Structures are given as structure tokens and as C-alpha cells.
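Coordinates in review
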Amino acid sequence: MIMLLLVFMYVGLFTIGGGMVAIPLILQEVVSRGWISEATFYSMVAIAQSTPGPVGINVATYVGFEMYGIPGALIASIGFVLPSFVIVSTLASLLRKYRSSNLVIHWFLYIKAAIIGLIGYTLFKMTQVIVFHTDTYLHVEWKELALLGALSILFYLLRKKPWLVIIMGAVLGMIFL
Amino acid sequence: MVSILQIFLVFLKIGAFTFGGGLAMIPVIKREIVDKGWINEDELSDYIAVGQTAPGMIAVNIAILVGTHLRKWKGAVAAVLGVILPSLVVITVIASFLSEFDSIPLVQAALKGIMLVVVILLAFALFDIGKKAITNVYLLAYALVCFSLLYFFSIPTSLVILFSVLVGSVHAYIVYRKQVKK
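Residues numbered from 1 in each chain as written. Chains lettered and ligands numbered in written order. Predicted model: local features only at pLDDT ≥ 70, side-chain atom pairs only at ≥ 80, totals over all residues.

Each helix and strand in chain B was counted, giving seven helices and zero strands. In sequence order, chain B lays out its α and β elements as α-α-α-α-α-α-α. If one aligns the C-alpha atoms of chain B with their principal axes, the spans along those axes are about 70 × 45 × 25 Å. Of all 182 residues assigned to chain B, the portion counted as buried reaches 51%. In chain B, of all internal contacts separated by at least 6 residues, the share reaching a separation of at least 24 is 55%. (Helix = DSSP H or I, 4+ residues; strand = E, 2+ residues; numbered from the N terminus. Buried ≥ 20, exposed ≤ 12 C-beta atoms within 10 Å, placed from the backbone. Contact = placed C-beta atoms within 7 Å.)

Turning next to the overall build of chain A. When you go through chain A residue by residue, the secondary structure sums to seven helices and two strands. Of the regular secondary structure in chain A, the N- to C-terminal order runs α-α-α-α-α-β-β-α-α. Over its C-alpha atoms chain A spans a radius of gyration of 20 Å, topping by over 25% the 16 Å that the globule rule assigns to 177 residues. Dimensions along the principal axes, computed over C-alpha positions, put chain A at roughly 50 × 50 × 35 Å. Looking at the 177 residues of chain A, the share that counts as buried comes to 42%. Contacts in chain A between residues far apart in sequence, at least 24 positions, make up 43% of those at least 6 positions apart. (Rg over C-alpha atoms; globule rule 2.2 N^0.38 Å.)

Take the domain arrangement of chain A next. Here chain A is partitioned into domain 1 (2-98) and domain 2 (131-176). With centres defined by C-alpha atoms, the gap from domain 1 of chain A to domain 2 of chain A works out at 30 Å. (Domains from an automatic or database assignment.)

It is worth spelling out unusual backbone geometry at this point. Residue and element names in this part refer to chain B. Phi at Lys-72 is positive, roughly 50 degrees, even though this residue is not glycine. Along the chain, Lys-72 turns up in helix α4 (residues 58-97). Backbone geometry at Ser-154 places phi at a positive 50 degrees, although glycine is not the residue there. Mapped onto the fold, Ser-154 is located in the loop between α6 (137-151) and α7 (157-181). The exposure class assigned to Ser-154 is exposed, which follows from the 7 C-beta atoms found within 10 Å.

Attention now goes to the domain arrangement of chain B. When cut into domains, chain B gives domain 1 (4-133) and domain 2 (135-182). For domain 1 of chain B versus domain 2 of chain B, the distance between C-alpha centres works out to 27 Å.

Further remarks concern the packing of helix α4 (residues 55-98) of chain A against α4 of chain B. Helices that pack against each other are described as a pair by the angle of their axes relative to one another and the distance between those axes. Direction vectors running N to C along α4 of chain A and α4 of chain B enclose 165 degrees, while the axes themselves pass 10 Å from each other. With respect to each other, α4 of chain A and α4 of chain B are oriented roughly antiparallel. You can see that α4 of chain A and α4 of chain B cross each other, and the crossing is right-handed. (Axes fitted to C-alpha atoms, helices over the stretch in contact; angles between N-to-C directions. Parallel < 35°, antiparallel > 145°, perpendicular 65-115°, else oblique. Left-handed = near helix turned anticlockwise from the far one by under 90°.)

This part takes up α6 of chain B. Compared with an ideal rise of 1.5 Å per residue, which puts 15 residues at 21 Å, α6 of chain B spans 21 Å between its outermost C-alpha atoms and is within 8% of the ideal. Along α6 of chain B, the residues that are buried comprise Tyr-142, Ala-143, Cys-146, Phe-147, Leu-149 and Leu-150 of chain B. Take α6 of chain B and look down its axis: the buried residues cluster within an arc of 160 degrees, on one side only. More than 90 degrees from the buried face of α6 of chain B, the exposed residues found are Val-137 and Ala-141 of chain B. The secondary structure elements touched by the buried residues of α6 of chain B are α5 (102-130) of chain A together with α7 of chain B. (Expected span 1.5 Å × (residues − 1). Arc of directions from axis to C-beta.)

Let us look at the confidence of the model for chain B. In regions of low pLDDT, the predicted coordinates are not meant to be interpreted in detail. Residues and elements named next belong to chain B. Confidence in the prediction of chain B, expressed as mean pLDDT, is 87, and 96% of residues score 70 or more. Confidence, read as mean pLDDT per element, is least for helix α5 (residues 105-133) in chain B (83) and greatest for α6 (94). Under the prediction, the complex receives an ipTM of 0.79, its pTM being 0.80. (pLDDT = per-residue confidence, 0-100.)

Here we come to the interface of chain B and chain A. Contact with chain B, which involves 87 residues of that partner, is made by 79 residues of chain A. In terms of residues, the side of chain B that touches chain A owes the most to one element, α5 of chain B, which gives 21 residues. A per-class count over the side of chain B that touches chain A returns 62 nonpolar, 21 polar and four charged. (Nonpolar A, V, L, I, M, F, W, Y, C, P; charged D, E, K, R; others polar.)

Moving on, we get to the environment of Lys-97 of chain A. All names here are of chain A. On the secondary structure map, Lys-97 appears in helix α4. On the neighbour-count criterion, Lys-97 (9 C-beta atoms within 10 Å) is exposed. C-alpha separation for the pair Lys-97 and Met-1, spaced 96 residues apart in sequence, amounts to 39 Å.

Grouped together as the largest cluster of nonpolar side chains are 113 residues, with contacts concentrated most on Val-59 and Ile-119 of chain A together with Ala-63, Ala-79, Leu-122 and Cys-146 of chain B. The element contributing the most residues to this core is α4 of chain B, with 19 residues. (Core = buried A, V, L, I, M, F, W, Y, C linked by C-beta atoms within 7 Å.)

For Ile-70 of chain A, the location among the structural elements is in helix α4. Overall, the presence of 13 C-beta atoms within 10 Å leaves Ile-70 of chain A in the partly exposed class. In contact with Ile-70 of chain A, other than residues within four places in its own chain, are Phe-65 of chain A together with Thr-92 of chain B.

Let us look at the packing of α5 of chain A against α5 of chain B. Following both chains from N to C, one finds α5 of chain A and α5 of chain B inclined at 160 degrees, their axes separated by 9 Å at the closest point. Taken together, α5 of chain A and α5 of chain B sit at an angle that is classed as roughly antiparallel. The crossing of α5 of chain A and α5 of chain B is left-handed. From α5 of chain A, Lys-112, Ala-113, Ile-115, Ile-116, Ile-119, Gly-120, Thr-122, Leu-123, Met-126, Thr-127 and Ile-130 of chain A reach across to α5 of chain B, where they touch Lys-112, Met-115, Leu-116, Val-118, Val-119, Leu-122, Ala-123, Ala-125, Leu-126, Ile-129, Gly-130 and Ala-133 of chain B. Tallied by class, the residues present in the contact of α5 of chain A with α5 of chain B amount to 17 nonpolar, four polar and two charged.

Given below as C-alpha cells:
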């Protein structure tokens, strides 16, 4: 169990850039140690991506649970967030001190623009997977596209309650897709 | 002052309705936290930038930053517990009862429907945050360059962020030199 904690602390420390970075790191650690088979790991990732919560935390919880039940799930996810706790708290206090310095202002200027590029990238990738397939030639999923339009209108009407639109998306998906 | 319980509950809601990674969470955070007046939009965009740059999950990092902002370390602990609790519960339940959860057709259809909503959420986030972050043509061009690096060249996000720090440093140095000359 100590190893489980240490391995996930290591993963937490080297996950720079979110869940998609955590997954290959966890794969390397748990498969090479023979904790979990590669095939099982991939089905865990699929489930982790389709359930609520940050993907990395979901995978960590799953691996921990498979190994030692509920205590394992707790240890893996706590180990995962521990390094963030220390580093992010330190960054927060440094940020308060130096936010208005010339250097930090310019860092943020470009990091923020890069994040806009990143959000655009995620948006493109997701739309490509669900609505437009471009693997060989452009192929449009019309049912999905129509539902995307309908949900956009619902979202506009229910702006204050995005979680309600998520539930509606699930229900409409079950009916039409 | 915002109570510890309120922080926990709001992040519980955020954790429960985050599908498909940390960035999808941003619009939900904005509605739950900025619209309540707990932090302002500039602070949120700072926290997103730090959360993305620091190691760990973005969702968790933002929870730590917002929690610390509101109620020091107690707030951070409450926010993190809130954001990871839905994962712990949902995954534990699924792992104990179902092994082939994602291969059930009805589940797949529901997930596709949810993904469509996530696409809409992300599109709104893009414009919402974009308005604040992109203040001139050069930054717009820079955002497009980053998009291309990620999309066409599959450069890892961490390198793109590191590159941004570098470009920012160079820009800061140029500004510094100009001030010195004056």
C-alpha cells in the first residue's frame, strides 16, 4: 500500500498538463509492476473518461480500488493530489507577491493565449470524434449534428443551469443516438 | 465570508458535472464561483493559467487555488475533497458492479449526448475566456500558433506552456530594455 501511495505521488508530481498526461504515466507504472494488465487498464481509461470527475483521479481511484478495495481507492487518489497541494499552495503565495512584476505579467499574457489555443484544440478534437470524422474523407454524422444544434438552443435557454443541459444531453442521447 | 461547507458543496457539484477532463470544468466553475462573486473573472483566469502550468490535475489545482483564496488551507482541503468525492463514489460503484460498463449501448448513447453538451460548454468557454485573454492581434496570432502546434504537430501541452513562458520572458526583457533606455 505504501508503494501504491508513492507511485501515485510520483504520477501526481509529473503530470504536467492534465489528465491526458497522467494516463501514460500511470500505464507505465502499474503495468510494468504487474499490478494490472494492459487490457484491463485500457477499459479502466474508457470508463474513467465516461464518468464524471477529472479523468486522472478516476483512473487513480480505479487502480487503487482494484488492488486494495476502498482503502486503496482513497490512498491512490490522495497520493495523486498531495504533490499538487504543496506546489500549488506555494505558487499561490508567490503569485500574490509577484503578480504585478514585469516578468510575471508577460508570462501570464502568453500562457493565457496558449490556453485559448488549447481550449480550441480540445473543442476541435471532440467535435471531430463525435460529429465530423476526417480519417479517410469528411463524413458528417447528421443525427449528432442535429442534436448538437438542438442542445445549443436548450443551453442558450437554460444558461443558468448547465448541469440540467448535461442531464438532458444524456437523456436525448439515449433516445436518439 | 464563505463557509467551508459551501466551498465543499460547490466543488462537489463541479466534480459531479465535469465530464471529459479539466477544461470542460471551467464554464461550470465560472457559473458557480464567479457569478456568486466569490472570486472575480481576472482571478479565475490567473488560476486557470497556474492550474494548467503546475503539476497535477487542472480541476484539482483550480480547486486548491480557489479554496485557498476563500478560506486558506481549510478551504483548499474542502474544495479538493469536494471535487474528488464524485470520482471516488462513482468509480467504486462501477468497479464493484459492472466490468463492461462502457460497452452497454444505452450507456454509450448517453455518453455521446453528454459529449455534445461538453462541446457546447467548451465553445462558450472559448469565447468567454478568449475575450479576456486575447487583447490584441498579436495574442490572437499567438493563440493560433499554439493551436497549430497542438493540432497539426501534436506537441505536448507542457511544452507549449513552457514555450509561452519563454516568449513571455523575452517580451518582458524587451520592455525592460526600453524602460532602461528612457
